[in-house]
Amino acid sequence: MSTLALLNPFTKARPGPVEYPPVLRGVILIAGLSMTVLAAFATLRGITGIAPMHPNIRHLAVALHVTTVLPAIPLGAYLLLARKGTDLHKLLGRVWIGLMVTTALIALFIRPGGSFSWIHLFVPLVLYTSWKVVSSTRRGDMPTHRKEIVGLYLGALMIPGIFAFLVPGRLMNVWTFGWPNGFF
């Protein structure tokens, strides 16, 4: 049994569906672990008051967005790396898609300056890809399901996450680095 197969203690080792190639599994593992640790660090600094206060956390939409996206990071990585097709995988997959759709819909209510920004382009992407993930699963089209789920995780969760940490003034950036008004 591989080390990553041990991530799912609820199933016995048995032949399963084709897994992702080792390089992609490595990318998912590194991205998921890095983003989870960074998000946990930022959140801990934010909720304990160590990080500078950020006015956006008082907005209900921002608080709900952060609350739904944070568990989606490690859960998505777990689902991509653990044994597929089990009852646990199916249940947690539904939870993860629910978190992603909820996060995307909540983002529609986050409009700094009163209008949509370029980051809102991820909302229709998440909604469409989530629909494709669910519909391909129901059809039993696992190659499409695997392709779409990796795209959703890396493209619609990791890319905006990276920007959330790197763009000065954004909540995660301020909570991580303490740069409320930029780098200087």
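### What to know about the side chain of Ser136
Move 1: Mapped onto the elements, Ser136 comes out in helix α4 (residues 122-139).
Move 2: Residue class for Ser136 comes out buried when judged on its relative accessible area of 0%.
Move 3: Beyond its immediate sequence surroundings of up to four residues, Ser136 is in contact with Asp141, Met142, Thr144 and His145.

### Topic: the nonpolar core
Move 1: Membership of the largest hydrophobic core comes to 45 residues, with the highest contact counts inside it found for Trp96, Ile149, Tyr153, Leu157 and Met172.
Move 2: Elements represented by at least two residues in this core include exactly α1 (22-48), α2 (60-81), α3 (87-107), α4, α5 (142-166) and α6 (171-177).
Move 3: Each residue touching Leu157, except ones within four places of it in the same chain, is listed here: Val69, Ala72, Ile73, Trp96, Met100 and Leu152.

### Overview of the packing of aromatic side chains
Move 1: For the coordinates displayed, the defined rule picks out 3 aromatic pairs.
Move 2: Summarising the aromatic geometry, the rings of Trp96 and Tyr153 are spaced 6.3 Å apart at their centres and angled 45° between planes, so their arrangement reads as tilted. One end of the pair, Trp96, is in helix α3; the other, Tyr153, is in helix α5, and 57 residues separate them in sequence. Here Trp96 matches Tyr153 in class, with each residue buried.
Move 3: Between Tyr128 and Trp131 the ring centres are 6.0 Å apart and the planes differ by 35°, which places this aromatic pair in the tilted class. Taken together, the residues span about one helical turn, with Tyr128 and Trp131 both in helix α4 at a distance of 3 residues.
Move 4: Stacked on the ring of Phe116, the Lys or Arg Arg111 has its end atom at 5.1 Å from the ring centre.

### Digging into the confidence of the model for the chain
Move 1: For the chain, the average pLDDT comes to 88, and 87% of its residues sit at 70 or higher.
Move 2: The lowest-confidence element of the chain is α6, averaging 92 in pLDDT; the highest-confidence one is α3, averaging 97.
Move 3: Within the model, the stretch residues 8-15 combines pLDDT values under 50 with 14 contacts to residues more than four positions away or in other chains.

### What to know about the packing of α3 against α5
Move 1: Across the interface, α3 lies against α5 with an axial gap of 13 Å and an inter-helix angle of 35°. When you trace α3 past α5, the crossing you get is left-handed. Residues Trp96, Ile97 and Met100 of α3 touch α5, and the partners they reach there are Ile149, Leu152, Tyr153, Ala156 and Leu157.
Move 2: Within the contact of α3 with α5, the residues separate by chemical class into 8 nonpolar, no polar and no charged.

### Here we look at the packing of α4 against α5
Move 1: Look at α4 against α5: their axes get within 8 Å of each other, and the N-to-C directions meet at 155°. Between α4 and α5, the crossing angle belongs to the class labelled roughly antiparallel. Seen from above, α4 lies across α5 with left-handed handedness. Contact residues: Phe122, Leu125, Val126, Thr129, Ser130, Lys132, Val133, Ser136, Thr137 and Arg139 in α4; Met142, Thr144, His145, Glu148, Ile149, Leu152, Gly155, Ala156, Ile159 and Pro160 in α5.

### Observations concerning the side chain of His145
Move 1: Take His145: it is sitting in helix α5.
Move 2: Take His145: its relative accessible area is 16%, and that puts it in the buried class.
Move 3: The contacts of His145, once residues within four sequence positions are left out, are Val133, Ser136 and Thr137.

### Description of α3
One turn of an α-helix holds 3.6 residues; hence residues three or four places apart share an orientation.
Move 1: If you check α3, its first and last C-alpha atoms are 30 Å apart, about what 21 residues at 1.5 Å a residue would give, namely 30 Å.
Move 2: Within α3, the full set of buried residues consists of His89, Trp96, Ile97, Leu99, Met100, Thr103, Ala104, Ile106 and Ala107.
Move 3: Its buried side turned inward, α3 meets α2, α4 and α5.

Quick notes on the rules
- Residues numbered from 1 in each chain as written.
- Predicted model: local features only at pLDDT ≥ 70, side-chain atom pairs only at ≥ 80, totals over all residues.
- Heavy atoms only, no water.
- Helix = DSSP H or I, 4+ residues; strand = E, 2+ residues; numbered from the N terminus.
- Buried < 20%, exposed > 50% of the residue type's maximum accessible area, 1.4 Å probe, protein only.
- Contact = heavy atoms within 4.5 Å.
- Core = buried A, V, L, I, M, F, W, Y, C linked by side-chain atoms within 4.5 Å.
- Phe/Tyr/Trp six-rings, centres within 6.5 Å; stacked < 30°, edge-to-face > 60°.
- Lys NZ or Arg CZ within 6 Å of the ring centre and 35° of its normal.
- pLDDT = per-residue confidence, 0-100.
- Axes fitted to C-alpha atoms, helices over the stretch in contact; angles between N-to-C directions.
- Left-handed = near helix turned anticlockwise from the far one by under 90°.
- Nonpolar A, V, L, I, M, F, W, Y, C, P; charged D, E, K, R; others polar.
- Parallel < 35°, antiparallel > 145°, perpendicular 65-115°, else oblique.
- Expected span 1.5 Å × (residues − 1).

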